[in-house]
Amino acid sequence: ATAQEARIEVRADQVLHSIPQYLTGACIEDVNHEIYGGIYSQMVFGESFQEPPISTIKGFKAYGGRWWSCGGELFFSGAAGDKLVSDLAPFENGEVGIEVFVPDCHCSNAGLIVRVNTPGMGKDNFDGYEIAINAEEQTVRLGRHRHDWELIQDTPCEVPIGQWVPLVVQLDGRAIEIAVNSKTILRYEDGDAALLAGTIGLRQFQSEARYRNFWIKTGGQTRRLPLNSDSDDPREVSGMWRTVQTGEAIQSRGLVRCACRY
């Protein structure tokens, strides 16, 4: 049968009903977060400024997740593979160390990233090496990232549960040496595939793991990297926004209201 034609007639000059001021609607369209984050219509996530700001750690930049410090310890919440990258200039050789708290046997990936370059949002969006301890399988993992993921080696390693575990990485040319709990676990020569310089950071898969005593040794000098929240940063905004500031304009925290006419 032939479909009948449908006709819709709109008479904009006739008001049939009034809409309460508290009524709002949202288009259920697959545009990600379009109806999430509050009772606001057609709002991209973060547009309402209701989400908490991304906490900043002095001397570091977060690529995903929320990182904050309390009592000298660094905590995390977010998605698997979120990163915290140091502002340190790229370097070639040296040592990097940190203590990782392993809460239980389900902690399967937490640790350092070294020789980091061109980081961005996304779990594999960077160049660098990943060194992660795995309490579930009792191994330490060495992997390479070139904006992708390449497993180099999982090495058996005793990973204590419910305590702080020192993780140290020594970088010497194309060689990488890893020590866990003061015991050398692996020395690997990366040959022609080696990444030879970059900065350092953390890459997190388990929210329960936390960190303290971050340090770096280059040129024979050891430098501590305090993991302190930059709570006095006046640029804090909603987590899905970034600050642009010119001149002497100063942001003040408060409720932002916007009225739009169509």
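Basis of the calculations
Every chain begins its residue count from 1, and numbering advances along the sequence as written. Two thresholds apply to this predicted model, a pLDDT of at least 70 for residue-level local features and 80 or more for giving and counting side-chain atom pairs, whereas whole-chain, interface and lining totals are computed over all residues. Computation of side-chain values: all heavy atoms of the structure, hydrogens and water removed. Along the chain, pLDDT gives the predictor's confidence residue by residue, from 0 to 100. Pairs of residues are marked as contacts when any of their non-hydrogen atoms sit within 4.5 Å. A run of DSSP states H or I qualifies as a helix once it reaches four residues; a run of E qualifies as a strand once it reaches two. Both are numbered from the N-terminal end. Counted as a polar contact is a pair of N or O atoms within 3.5 Å, where, for protein atoms, one must be capable of donating a hydrogen and the other of accepting one, and residues adjacent in sequence contribute only when both atoms are in side chains. Strands are labelled as partners when DSSP assigns at least two bridges between them. A simple rule labels every residue: compare its accessible area, found with a 1.4 Å probe on the protein chains alone, to the largest value its type can have, and call it buried under 20%, exposed over 50%, or partly exposed in between. The axes are straight lines fitted to the C-alpha atoms, using for helices just the contacting stretch, and the angles between their N-to-C directions are given from 0 to 180°.

On average, residues of the protein chain carry a pLDDT of 80, and 75% of them reach 70 or more. Scored below 50 in pLDDT, residues 37–44 shows 17 contacts in the model against residues more than four places distant or in partner chains. Below pLDDT 50 for its whole length, residues 253–262 participates in 5 contacts with residues either more than four positions away or in separate chains.

If you trace the backbone, S229 turns up in the segment after strand 15 (221–224). Along the chain, S229 and G72 lie 157 residues apart, while their C-alpha atoms are 9.6 Å from each other. If near-sequence neighbours (up to four positions away) are discounted, S229 is found in contact with T56, I57, K58, W68 and S69. Reaching out from S229, the side chain makes a polar contact with the backbone nitrogen of S69 at a distance of 2.8 Å.

This part is about the pairing of strand 15. Note: strand 14 (residues 210–218) against strand 15, 4 bridges, orientation antiparallel. Paired with K217 across the bridge in strand 15 is T222. The turn linking strand 14 back onto strand 15 is made up of 2 residues, and G219 within it adopts a positive phi angle of 60 degrees.

A few words on the pairing of strand 5 (residues 94–102). Taking burial as the measure, the 9 residues of strand 5 include 8 buried ones, the bulk of the element. As paired strands, strand 5 and strand 10 (residues 163–172) are joined by 9 bridges and run antiparallel to one another. The residue of strand 10 that forms the bridge with I98 is L167.

This paragraph deals with the sheet that holds strand 13 (residues 199–204). The strand order across the open sheet built from 7 strands is 1-4-13-6-7-8-9, with neighbouring strands paired in antiparallel fashion. Each edge of the open sheet is held by one strand with a lone partner, namely strand 1 (60–63) and strand 9 (150–156). Averaged over all adjacent pairs, the angle separating strand axes in this sheet is 20 degrees, with direction ignored. Of the pairings in the sheet, the one linking strand 8 (residues 139–146) to strand 9 comprises 6 bridges and is antiparallel in character. The partner of R144 across the bridge, within strand 9, is E150.

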